[in-house]
Amino acid sequence: MNERMGHQSIRFGEPVYIRSGASVAGKKEGEGPLGPCFDEIEKDPLAGEKTWEQAESALQHRAALRALDKAGIRNTDLRMIFAGDLLAQCTASCYNLAQLDVPVYGLFGACSTMGEALSLASMAVAGDFAEYAMALTSSHFASAEKEFRFPLAYGSQRPLSATWTVTGSGACVLSKEKSGAAVTGITTGKIVDYGLKDSMNMGACMAPAACDTICTHLQDFGRQPEEYSKIITGDLGSVGQQILFDLLEKQGYDIKRQHLDCGMLIFDDAVQDTHAGGSGCGCSAVVFASYILPRIISGEWKRVLFVPTGALMSKVSFAEGQTVPGIAQAVVVEHMEEKD
Amino acid sequence: MENQKNVQAREYERYVKKVTPTHSLPVNMARAFLVGGLICVLGQYILNTAQAMGADKEEAGCWCSLILIFLSVLLTGLNIYPKLAKFGGAGTLVPITGFANSVAAPAIEYQKEGQVFGIGCKIFTIAGPVILYGVVSSWALGLIYCVMRLWR
């Protein structure tokens, strides 16, 4: 029996199994610490296409096909896909999904989109509305720079709090068919705005949202941080991580031992000059599919709270001097024994 | 309520400023001095060489600007200028080379959006304000100069 917990959370009656996870990443990501984990590394920034935006679509397409392949199903078996990216009007997803010929819900949750997609796909499967559902997101360094910042060849100095948008795409297929990992609950995040306007310090903009979602989750489920092997945020980076620790301490929680951040895992700042860490919809998606999921399946981690974080802003809102609100979506993923 | 929110926002901003690392200002200034200085030395060298080859002062100045702009655009196209700017900061921004880079970079990026709506509309997205307010401020100064002359 599915159960509503507190005001923002759901506990699934039956686990929603993650049948497969696939990741396609760019060259710089491939050279990072997680390089050996990715299913595919695309060395060409244009991925054989003409524009950055088409390249991002191509990466997303390949991730989707790989996830289908790993799950042993065809595109026609999917009842629906929940997909999103960072481009205006989510075009990277649109052009990919047009080729896949599957019913679609397009999502925008900035860099938290993978959490949003996994939450909705889990609900669809748990509610018996889909036998197979896919969660899929992508981002591309060059298309994001063009969308939100400067042309690539323009010379400027990035602040140390800035993050590096991950080039890559991650996909997961969810179903009630058994596998080694399953979504057992979710906490839907609220938009939290502490009034910060610095889009080059997104970690600080998103940390209050991450804190809010994590606290709410623990209260809704009546759990303590120790009951999780890992609590993994999306792309807070080194600056956001520090702030999250401080904010949680004020709420009486200490997650320093469990905490990891996808943005800090994917790049090595000392060698790759990425400053605070990686970011983008693709960041949490590829790290989840390539690094987190296999560790849950193997049983190394028993229960993980996956909390992708997003900074909700646009080029226009930034230009008009608006604040940068944050959001974080939490998904509980647990190790499952495949045999009864 | 609104006031309390503002206080909270200011407090958070102050806290964030405290925990966010920043570039070292003296190091940045030293690098800007070095790189900007080297660009100016190169400019002076071109100027002197042109004059030694028989050009008058004005013509030599033209050659100097022309060659510096050419080099900047070339290095932008080869993706070397951003690396230089990352190191040199304002040292690469202030000389004429920085201006050339800010025009060449959008031209490369938006070429895919077409000759008119891509390059045509967006080539001055970064340099535009400099051009507009440069013209406006020289117009204002000209006006002041004109009034002062009448007054004398």
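Above this text you will find the structure in question.
Attention in this report is confined to the structure presented alongside it. None of the values given here were measured: they were computed from a predicted structure.

A count of helices and strands for chain B gives eight helices and zero strands. Ordering the α and β elements of chain B from the N terminus gives α-α-α-α-α-α-α-α. Relative to the globule expectation of 15 Å for 152 residues, the C-alpha radius of gyration of chain B, 22 Å, shows a markedly less compact shape. Along the first, second and third principal axes, the C-alpha atoms of chain B reach 70 × 50 × 40 Å. For chain B, buried positions account for 29% of its 152 residues. Accessible area for chain B stands at about 10900 Å²; split by element, carbon and sulfur atoms hold 70% of it. Between the averaged position of the 13 positive side-chain charges in chain B and that of its 8 negative side-chain charges there is a distance of 8 Å.

This paragraph deals with the pairing of strand β6 (residues 132–139) of chain A. Residue and element names in this part refer to chain A. Buried residues dominate β6, accounting for eight of its eight residues. Residues Tyr132, Met134, Leu136 and Ser138 point to one face of β6 and Ala133, Ala135, Thr137 and Ser139 to the other, with burial holding for every one of them. Pairing analysis gives five bridges linking strand β4 (residues 80–84) to β6, with the strands arranged parallel. The partner of isoleucine 81 across the bridge, within β6, is methionine 134. Where β6 lies against strand β8 (residues 168–175), eight bridges are found, and the strand directions are antiparallel. Following the sheet pairing, tyrosine 132 is matched in β8 by serine 175.

Quick look at unusual backbone geometry now. Even without glycine at this site, Asp101(A) takes up a positive phi of about 60 degrees. Here Asp101(A) is to be found in the loop between α3 (91–100) and β5 (104–107).

Glancing now at the pattern of salt bridges. Residue and element names in this part refer to chain A. Per the counting criterion, the structure on display carries 17 salt bridges over all chains. Glutamate 14 is the salt-bridge partner of lysine 176, the closest N and O atoms lying 3.6 Å from each other. Separated by 162 residues along the polypeptide, lysine 176 in the loop between β8 and β9 (181–187) and glutamate 14 in strand β2 (residues 9–26) bring together distant segments of the chain. The class for glutamate 14 is partly exposed, based on a relative accessible area of 47%. The partner of arginine 62 in a salt bridge is glutamate 40, with the nearest N and O atoms 2.6 Å apart. With a gap of 22 residues between them, arginine 62 in helix α2 (residues 52–71) and glutamate 40 in strand β3 (residues 40–42) connect regions that are remote in the sequence. We classify arginine 62 as partly exposed; its relative accessible area is 21%. If you follow the salt bridges from partner to partner, you end up with Glu40, Glu42, Arg62 and Arg66 in one network.

Let's shift gears to the interface of chain A and chain B. How large an interface is tends to be reported as the accessible area lost when its parts come together. Taken together, the 30 residues of chain A in the interface contact 29 residues of chain B. Taking both partners together, chain A and chain B bury about 2500 Å²; carbon and sulfur atoms supply 61% of that area. On the surface where chain A and chain B come into contact, there are two salt bridges. For Asp273(A), the salt bridge is made with Lys86(B), and the minimal N-O distance between the two is 3.3 Å. Our enumeration of links across chain A and chain B arrives at 13 residue pairs in polar contact (both at pLDDT 80 or more). Of all the elements in the fold, those that place two or more residues in the side of chain A that touches chain B are α6 (202–221) and α7 (237–250) of chain A. When residues of the side of chain A that touches chain B are assigned to their parent elements, the largest contribution, four residues, is made by α7(A). In terms of residue class, the side of chain A that touches chain B is made up of 16 nonpolar, nine polar and five charged.

Each value, and the rule that gives it
- Residues numbered from 1 in each chain as written.
- Chains lettered and ligands numbered in written order.
- Predicted model: local features only at pLDDT ≥ 70, side-chain atom pairs only at ≥ 80, totals over all residues.
- Heavy atoms only, no water.
- Helix = DSSP H or I, 4+ residues; strand = E, 2+ residues; numbered from the N terminus.
- Rg over C-alpha atoms; globule rule 2.2 N^0.38 Å.
- Buried < 20%, exposed > 50% of the residue type's maximum accessible area, 1.4 Å probe, protein only.
- Areas by Shrake-Rupley, 256 points an atom, 1.4 Å probe, with all protein chains shown as cover.
- Lys, Arg positive; Asp, Glu negative; His and termini not counted.
- Charge placed at Lys NZ, Arg CZ, Asp CG, Glu CD.
- Pairing = 2+ DSSP bridges.
- Salt bridge = Lys/Arg side-chain N within 4 Å of Asp/Glu carboxyl O.
- Contact = heavy atoms within 4.5 Å.
- Buried area = accessible area lost by both parts, 1.4 Å probe.
- Polar contact = N/O pair within 3.5 Å; in protein donor to acceptor, adjacent residues only side chain to side chain.
- Nonpolar A, V, L, I, M, F, W, Y, C, P; charged D, E, K, R; others polar.

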